[in-house]
Amino acid sequence: QVQLVESGGGLVQPGGCLRLSCEASGTINSINIMQWYRQAPGKQRELVATITNGGHTMHKVSVAGRFTISRDNAKNTLYLQMNTLKPEDTAVYYCHAPDPALWGPGTQVTVSS
């Protein structure tokens, strides 16, 4: 089965930028919807952004205009460009494919001065 692995997380100051990557072990060309979720300590996991194979996107209101989801099927990779980061963006970020219900192990993003 295809596996997903996130990378690109780390420590960044408020106002900084990070780009997260989610690499699949196999093709994602047949996976229509791919998503980014995040989970902060003591909080429920929440949907951050969604992208279809046709390039249609949706972003959580609180990150709209700052975050951009994208995908490169030729590289079997999903991306999340995060700009103007805020402390409340601190969380573990997860790559998700609802069908076939795949999750990556997550990557930590910490926004702090």
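Note that this is a predicted model, so its numbers are computed, not measured.

Points about the pattern of salt bridges
Reasoning step 1: Evaluation of the coordinates by the stated rule reveals four salt bridges.
Reasoning step 2: Arg 38 is paired through a salt bridge with Asp 89; the nearest N and O atoms lie 3.0 Å apart. In this pair, Arg 38 sits in strand S4 (residues 34–39) while Asp 89 sits in the loop between strand S8 (77–82) and strand S9 (91–97), placing the two residues 51 residues apart along the sequence.
Reasoning step 3: Of the residues examined, Arg 38 reaches a relative accessible area of 6% and is grouped as buried.
Reasoning step 4: One network of salt bridges, with partners in common, ties together Arg 38, Glu 46, Lys 60, Arg 66 and Asp 89.

Things to note about the packing of aromatic side chains
Reasoning step 1: Enumeration according to the criterion identifies two aromatic pairs in this entry.
Reasoning step 2: Their ring planes at 65° and their centres at 5.1 Å tell us that Tyr 37 and Trp 103 sit as a pair that is edge-to-face. Pair noted here: Tyr 37 is in strand S4 and Trp 103 is in strand S10 (residues 102–103), with a separation of 66 residues, a long-range link.
Reasoning step 3: Overall, the relative accessible area of 19% leaves Tyr 37 in the buried class.
Reasoning step 4: When its relative accessible area of 38% is taken as the criterion, Trp 103 is described as partly exposed.
Reasoning step 5: For the pair Tyr 94 and Trp 103, a centre-to-centre distance of 6.3 Å together with 85° between the ring planes defines the contact as edge-to-face.
Reasoning step 6: Taking the relative accessible area as the measure of exposure, Tyr 94 reaches 13% and is therefore buried.
Reasoning step 7: Ring pairing ties together the aromatic residues Tyr 37, Tyr 94 and Trp 103, which thus form one cluster.

A closer look at the nonpolar core
Reasoning step 1: Formed by 28 residues in total, the largest nonpolar core has its most connected members in Trp 36, Leu 80, Met 82 and Tyr 93.
Reasoning step 2: Going through the elements one at a time, strand S3 (18–24), S4, strand S5 (46–51), strand S7 (67–72), S8, S9 and strand S11 (107–111) are the ones with two or more residues in this core.

Focus: the sheet that holds strand S1 (residues 4–7)
Reasoning step 1: If you walk across this open sheet you meet the four strands as S1-S3-S8-S7, and the pairing is antiparallel. Across the chains shown, the open sheet's two edge strands, defined by having one partner strand only, are S1 and S7. Strand after strand, the sheet turns through a mean of 15° between neighbouring axes, direction not considered.
Reasoning step 2: Pairing of S7 with S8, which is carried by six bridges, proceeds in the antiparallel orientation. From the neighbouring strand, Asp 72 faces S8, where its bridge partner is Thr 77.

Reading guide: rules and limits
Residues numbered from 1 in each chain as written. Predicted model: local features only at pLDDT ≥ 70, side-chain atom pairs only at ≥ 80, totals over all residues. Heavy atoms only, no water. Salt bridge = Lys/Arg side-chain N within 4 Å of Asp/Glu carboxyl O. Helix = DSSP H or I, 4+ residues; strand = E, 2+ residues; numbered from the N terminus. Buried < 20%, exposed > 50% of the residue type's maximum accessible area, 1.4 Å probe, protein only. Phe/Tyr/Trp six-rings, centres within 6.5 Å; stacked < 30°, edge-to-face > 60°. Core = buried A, V, L, I, M, F, W, Y, C linked by side-chain atoms within 4.5 Å. Pairing = 2+ DSSP bridges. Axes fitted to C-alpha atoms, helices over the stretch in contact; angles between N-to-C directions.

This is a description of form; function is not addressed.
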